[in-house]
Every structure is written in structure tokens, then in C-alpha cells.
Number of protein chains: 2
Amino acid sequence: MSRFQVLPEAVPGNEATLMPCAACDVRDMAICSVLQGREVDRLAQIVSRIPLADGQSIFQEGDEADYVYNILEGAVRLFKLLPDGRRQITGFLYSSDFLGLALKENYAYSAEAVSGAVICRFPHGKLERLLDEFPRLEKRLLNEASNELIAAQDQMLLLGRKTAVERLATFLSALAQRQDALESGGTVNLPMTRTDIADYLGLTIETVSRTFTKLRKSGVIEVPDAHTVTLMDLAALRDLTEDE
Amino acid sequence: MSRFQVLPEAVPGNEATLMPCAACDVRDMAICSVLQGREVDRLAQIVSRIPLADGQSIFQEGDEADYVYNILEGAVRLFKLLPDGRRQITGFLYSSDFLGLALKENYAYSAEAVSGAVICRFPHGKLERLLDEFPRLEKRLLNEASNELIAAQDQMLLLGRKTAVERLATFLSALAQRQDALESGGTVNLPMTRTDIADYLGLTIETVSRTFTKLRKSGVIEVPDAHTVTLMDLAALRDLTEDE
DNA sequence: CGAGGGTTTGAATTAGATCAACTCTCGTGG
DNA sequence: CCACGAGAGTTGATCTAATTCAAACCCTCG
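First, a word on scope: everything that follows refers to the structure included in this document. (Residues numbered from 1 in each chain as written. Chains lettered and ligands numbered in written order. Predicted model: local features only at pLDDT ≥ 70, side-chain atom pairs only at ≥ 80, totals over all residues. Heavy atoms only, no water.)

1. Re the relation of the copies chain B and chain A
Our working definition: Each copy is superposed on the other by least squares, with the fit set by C-alpha atoms of residues at a pLDDT of at least 70 in both. Any two residues having at least one pair of non-hydrogen atoms within 4.5 Å are treated as being in contact.
Overlaying chain B on chain A yields an RMSD of 0.0 Å, the required transformation being a rotation through 180 degrees with an accompanying axial translation of 0.0 Å. Such values leave the two copies arranged in the relation of a two-fold axis. Of the interface residues in chain B, 100% have counterparts in chain A that sit at the interface too, so the contact is made through matching surfaces.

Okay, here's the thing in C-alpha cells:
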């Protein structure tokens with residue numbers, strides 16, 4: 001993979017490089033995994049690998065939806081803004097996630113790199129044609145959309161009805177799941193800032209900070225640095241989510 | 001249609017009746033609209049028309065997802081519960097809406113009739129087979145899922161960042177859209193209770209009631225009865241949503 | 001060493017929740 | 001025909017979880 005790596009100093013220019021999908025890190029996890037043998041060659045011809053600077057915009061709400069993406073590395077945030085600047089982050093994407101499910105002619109939300117993001121870009125129109133050719137790909141997307149919808153409903157429950165402690169516990173618990181930190185003592189990486197977490201959980205940055213402190217003082221987590229959480233008592237954390 | 005009408009007194013028994021899709025009220029709006037000519041006959045063989053008593057459960061979160069549905073008449077609510085009873089309504093469905101997009105083996109949420117609901121039931125497995133046969137149907141579902149995801153993100157913005165007035169204005173404005181009440185003076189029907197609205201908007205029933213009063217006193221709406229809203233100033237209502 | 005993000009902590013404020021009446025239907029039955 | 005009760009909605013008084021305002025406290029990096 002490293003020979004396709006675009007060096008950090010190349011980032012500002014934002015140059016895309018062609019990439020043989022066969023060598024891709026997320027080949028077996030992303031939507032591409034439903035393609036077999038030579039089928040991926042078709043994909044390889046239409047994708048570009050794009051490294052992003054932290055904070056860099058991928059697209060903005062309202063832009064023409066010309067491309068869809070796979071996340072190869074790092075983290076990405078999706079969000080919507082109100083005219084006065086209030087922001088709601090509707091999701092974080094990590095490596096192997098697909099970006100571009102919810103779209104019509106234009107993107108319904110904005111997307112930005114959080115940290116260390118490298119993405120794989122597909123022209124939307126060409127992907128549509130591939131969908132007709134490979135029904136398995138379409139099935140996979142429908143399945144992906146179904147998962148997204150379930151996650152969205154969980155998030156609505158969180159935003160509409162959960163307390164600050166329940167929100168943060170749910171967030172950390174889901175991250176732990178995603179990062180296979182499945183037992184106490186495990187460690188979870190938070191690539192995003194407290195402001196991002198606040199805008200994702202429908203809270204203010206101060207409340208997020210205070211809630212971290214509360215969890216820390218109650219012995220459920222430790223926070224060696226702002227972007228690392230050690231799970232001291234995963235069962236207790238799960239209890240705090242109030243999920244069944 | 002009337003000859004397929006199951007009379008109200010038959011509701012408690014919940015009996016399903018076969019139904020020729022050709023005569024269906026929502027034939028041209030629901031997902032069925034992508035099927036042509038004789039294709040719908042295949043559908044007709046696997047569907048049942050089921051009238052529901054108000055408040056009746058369609059399925060519960062965790063149930064095996066054996067069926068998917070179209071709403072033929074009336075309104076349906078989808079919701080999730082926390083163990084202590086807090087409820088978040090994740091959406092209302094109305095006639096021609098599809099129910100069953102977000103599912104794996106089991107339903108991820110519960111569904112109940114709100115009022116006057118009549119639904120059309122498909123065995124999940126048989127629909128899956130139809131999907132393979134009619135790619136257009138699958139495309140339509142993917143498109144439907146995309147719309148749902150966009151709506152879900154709007155709702156996250158509402159729940160995470162909007163004030164009570166903004167939430168109610170957004171809700172009423174969306175209902176007006178759906179019911180083609182596109183100008184001031186138009187009237188909107190609210191099939192659900194204040195409790196339902198509260199659980200949808202992430203508020204309490206008292207706050208919903210006070211917010212209705214506020215909108216009424218400011219001359220934006222009139223409320224002839226609890227289930228009817230007259231739009232006195234649709235532009236002002238739209239402004240209050242804070243959407244662009 | 002000093003500047004500027006990002007984060008934490010404290011004190012004061014407030015939007016919305018909670019608690020508590022009270023009203024308005026509407027259906028039931030004496 | 002009217003009394004009654006139950007469910008749904010409204011309104012008022014009080015409370016509180018989270019926000020807002022304010023001030024430090026890191027770090028890292030030039």
C-alpha cells in the first residue's frame with residue numbers, strides 16, 4: 001500500500017492518484033467486497049485515492065452530488081448547519097465506511113475530514129452504471145442503507161430522550177464496539193475534538209467536558225489524554241447507556 | 001375500493017383480505033408504482049389488506065422481521081423505548097409510505113397504528129425474491145431509503161439543535177408540505193395526539209401545548225380543534241423553522 | 001518564552017421539565 | 001336527560017439539567 005501513499009506535504013495540492021483496488025486496505029470490508037475477481041478492475045478504473053488535510057471539506061450541503069466515496073483511513077464527520085451557525089454532526093465515518101448513501105441531485109449534508117483521512121472517490125454516474133451491472137453491489141448498498149437507518153434511529157433516541165451521561169456513555173460504548181475494545185482495560189481512540197463530540201451528542205462542549213469528568217471520577221473510564229479513553233468498567237459503561 | 005373495505009366492526013378480529021393491487025388507492029404512489037402491467041399480479045398474490053384499530057401494534061422492536069408493509073390509509077407511528085419507558089417516535093408514516101426499510105433479522109423499532117390505519121402486508125422473504133426479479137423495485141427501495149436517511153438527518157438536526165418553537169414550526173411545516181397545504185389559509189390535519197408530537201419532537205406534552213399557544217397568539221396558526229391547524233401565515237411559519 | 005488552539009472548571013442563567021390544578025370532550029349508564 | 005368518569009389538552013408555579021458567561025489551564029509549536 002505504501003507505494004500509493006501520497007506524502008503529507010502533497011496534501012495541500014490535494015492530488016488524486018489512481019489505485020489498484022486489489023491492494024486496497026479496505027478491499028474486504030467496504031462495499032467493494034461484494035465484487036469478485038476481475039469485477040474490481042472495473043472499479044479500479046473509476047476510483048481515485050485522495051488524502052485530505054485535517055479539517056478539509058469533502059463537499060458541502062447543497063453541492064451537486066457528483067461523487068460518492070469510501071473512507072480508506074482516518075475519520076470524517078457529516079453535519080448540517082442552521083443559518084445562525086448551530087451545527088449538528090449526524091455521523092462520523094471511519095475506514096471502510098461508505099459515504100454518499102443519502103443523496104438526490106445534491107448532497108443533503110456537508111462532509112469534512114476530521115483527522116488523517118484518506119478517501120477513495122467514485123464518480124456518482126459511473127457507479128450508478130456499475131450498480132446495474134452488478135446487482136450484488138446494489139444489494140450491498142441497500143443493506144448499508146438499512147444499517148444507516150437503524151443507526152439514525154438510535155441517534156434520534158439519544159438526542160430526543162437521553163441525558164448527558166447516557167449520551168456520552170452511548171457514544172463511548174459504540175466507539176469501543178467499532179474499535180473492538182470489547183473488555184474492560186481496553187482503550188478507545190477519539191479522533192475528534194470535544195466540540196465535535198458536543199455537536200454530535202446535541203450538547204455543549206462544556207457539558208461534554210463535565211460529563212467526561214463525571215465518568216472519570218466514578219471510575220468508569222480513565223482519560224490519559226483528550227483523545228484516548230481507557231475503559232475501566234465496560235459493563236458499567238453499558239449500563240449507563242440505558243440501552244437494552 | 002369500497003368493495004374491499006373491511007367494516008369498522010370487523011377490526012378487532014384483524015382479518016386480512018386478499019386485494020387486487022390494480023384497484024389499490026396507493027398503486028401509483030407506493031413502491032408498487034415501479035411495477036408494470038402483469039408484474040403487479042405477482043405482488044397481488046402475496047399481499048394482504050389489514051385494517052387496524054387505533055393504537056394497535058403492528059410489530060415490536062426485536063420481533064422477527066417476517067413482514068414489510070405499505071400504509072394504505074391513516075397514520076402509523078414508529079418508535080423506540082428506553083427501559084424506563086421514555087419513548088422516542090422516529091417517524092410518522094402516512095398513506096403510500098413503505099414500512100420495513102430499516103431491518104435486519106429483527107425489527108429495530110416498534111410500529112403502531114395512530115388512527116384510521118389500513119396497511120398492506122408483504123411476507124419479507126417473498127418480497128426479497130421479487131426484488132431479484134424486478135431490479136426496478138430494488139432501485140426504488142434504495143431511493144426510498146435515501147429519502148428516509150435525509151429525513152432522519154433533518155430530524156437529528158431538529159432534536160440536537162433546535163428550540164421548541166423551531167421544532168414545532170418544522171413539524172407543522174413538513175406536515176403542511178405532505179398534505180399539500182402550500183399557502184396561507186390552508187389547513188393541516190394532525191392525526192396524532194400531543195403526547196405523540198412531544199415524543200416525536202423530543203419535548204414534553206406541556207411544552208408542546210405551550211408552544212402551540214405561542215404560535216397561536218403570535219398569529220402564525222389557528223387551532224380550531226386539537227387535531228386541526230389553520231396556517232395563517234405560512235411564510236412566518238417557515239421562517240420559524242430556521243431551515244434554509 | 002509567548003501565542004493560540006483545545007480543554008477544563010466555576011458561577012450564574014434559562015429553556016424546558018416537572019408537579020399540580022383545572023378544563024373540555026365524549027361516551028356510558030342510571 | 002343529566003351525572004359521571006376517563007382521556008386528552010391547557011395553564012400556572014416551581015425546579016433543574018444543561019447552557020451561557022467567564023476564567024484558567026494546558027499543550028504544542030514557532
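2. Points about the side chain of Arg161 of chain A
Put simply, the test is: Helix and strand assignments come from DSSP, with helices taken as H or I runs of at least 4 residues and strands as E runs of at least 2, each series counted from the N terminus. Note on classification: 1.4 Å probe, protein chains only; a residue is buried when its accessible area is under 20% of the maximum for its type, exposed when over 50%, partly exposed between these limits.
Relative to the helices and strands, Arg161 of chain A resides in helix α3 (residues 135-161). Residue Arg161 of chain A is classed as buried on the basis of its relative accessible area of 15%.

3. A few points about helix α7 (residues 234-241) of chain A
Along an α-helix, residues three or four apart share an orientation, since each turn contains 3.6 residues. Residue and element names in this part refer to chain A. Short version of the rule: Starting at the helix axis, one direction is taken to each C-beta atom, and the arc is that of these directions.
Taken together, the buried positions of α7 are occupied by Leu234, Leu237 and Thr241. Around the axis of α7, the buried residues are gathered within 60 degrees of arc, so they sit on the same side. Opposite the buried face of α7, by more than 90 degrees, sit the exposed residues Ala235 and Asp239. Check the buried side of α7 and you find it contacts α4 (164-178), α6 (205-217) and β9 (228-231). At the exit of α7 stands Glu242, carrying a positive phi of roughly 65 degrees.

4. With respect to the packing of aromatic side chains
Two measures describe an aromatic ring pair: the distance that separates the ring centres and the angle between the ring planes. Quick note on the threshold: Any pair of Phe, Tyr and Trp rings, taking the six-membered ring for Trp, is counted once the centres come within 6.5 Å. Such a pair is stacked with planes under 30 degrees apart, edge-to-face with planes over 60 apart, and tilted for the rest.
Enumeration according to the criterion identifies 14 aromatic pairs over all chains in this entry. Between Phe59 of chain B and Tyr107 of chain B, the aromatic rings sit 3.5 Å apart at their centres with planes inclined by 10 degrees, giving stacked as the arrangement. Separated by 48 residues along the polypeptide, Phe59 of chain B in strand β2 (residues 57-59) and Tyr107 of chain B in the loop between β5 (98-99) and β6 (110-123) bring together distant segments of the chain. Looking at Phe59 of chain B, the relative accessible area reads 4%, which means it is buried. Feature note: the residues Phe59, Tyr67, Tyr69, Tyr107 and Tyr109 of chain A constitute an aromatic cluster, connected by ring pairs.

5. Quick word on the pattern of salt bridges
Close approach of charged atoms allows side chains of opposite charge to pair. In plain terms, the rule: Salt bridges are counted wherever a side-chain nitrogen of Lys or Arg sits within 4 Å of a carboxyl oxygen of Asp or Glu.
What the rule picks out here adds up to 34 salt bridges over all chains. With a shortest N-O distance of 2.9 Å, Asp196 of chain A and Arg77 of chain A are connected by a salt bridge. Here the residue Asp196 of chain A occupies a position in helix α5 (residues 194-201), and Arg77 of chain A occupies one in strand β3 (residues 67-81), the gap between them amounting to 119 residues. Each member of the pair, Asp196 of chain A as well as Arg77 of chain A, carries the same accessibility label: buried. Among the ionic pairs, Glu166 of chain A bridges to Arg86 of chain B, the shortest N-O distance being 2.9 Å. Residue Glu166 of chain A is located in helix α4, and its partner Arg86 of chain B is located in the loop between β3 (67-81) and β4 (87-94); the two belong to separate chains. Classification of Glu166 of chain A by relative accessible area gives buried; the value is 9%. Among the residues examined, Arg86 of chain B registers a relative accessible area of 21% and is labelled partly exposed. Where salt bridges share partners, they join Arg77, Arg87, Glu112, Asp196 and Asp199 of chain A together with Arg161 of chain B into one cluster.

6. Thoughts on the interface of chain B and chain A
Rules: Buried area adds together the accessible area that both of two parts lose upon being put together, with accessible area traced by a 1.4 Å probe. Within 3.5 Å is the distance limit for a polar contact, defined as a pair of N or O atoms, with the added protein rule that one can donate a hydrogen and the other accept it, and that residues adjacent in sequence qualify only through two side-chain atoms. Lys, Arg, Asp and Glu make up the charged group, whereas Ala, Val, Leu, Ile, Met, Phe, Trp, Tyr, Cys and Pro make up the nonpolar group; the residues left over, Gly among them, are polar.
Counting residues at the interface gives 45 residues for chain B, matched by 45 residues for chain A. Both faces considered, chain B and chain A share a buried interface measuring about 4200 Å² in area, 61% of it formed by carbon and sulfur atoms. Per-residue buried area on chain B facing chain A is highest for Leu149, Met156 and Arg161 of chain B; these three make up 18% of the total on that side. Applying the counting rule to chain B against chain A returns ten salt bridges. Salt-bridge contacts for Lys139 of chain B lead to Asp132 of chain A; the nearest nitrogen and oxygen are separated by 2.7 Å. Along the contact surface separating chain B from chain A lie 22 residue pairs in polar contact (both at pLDDT 80 or more). The leading source of residues in the side of chain B that touches chain A is helix α3 (residues 135-161) of chain B, at 19 residues. When the residues that make up the side of chain B that touches chain A are grouped by side-chain class, the tally is 19 nonpolar, nine polar and 17 charged.

Everything listed is a geometric property; what it means functionally is a separate question.
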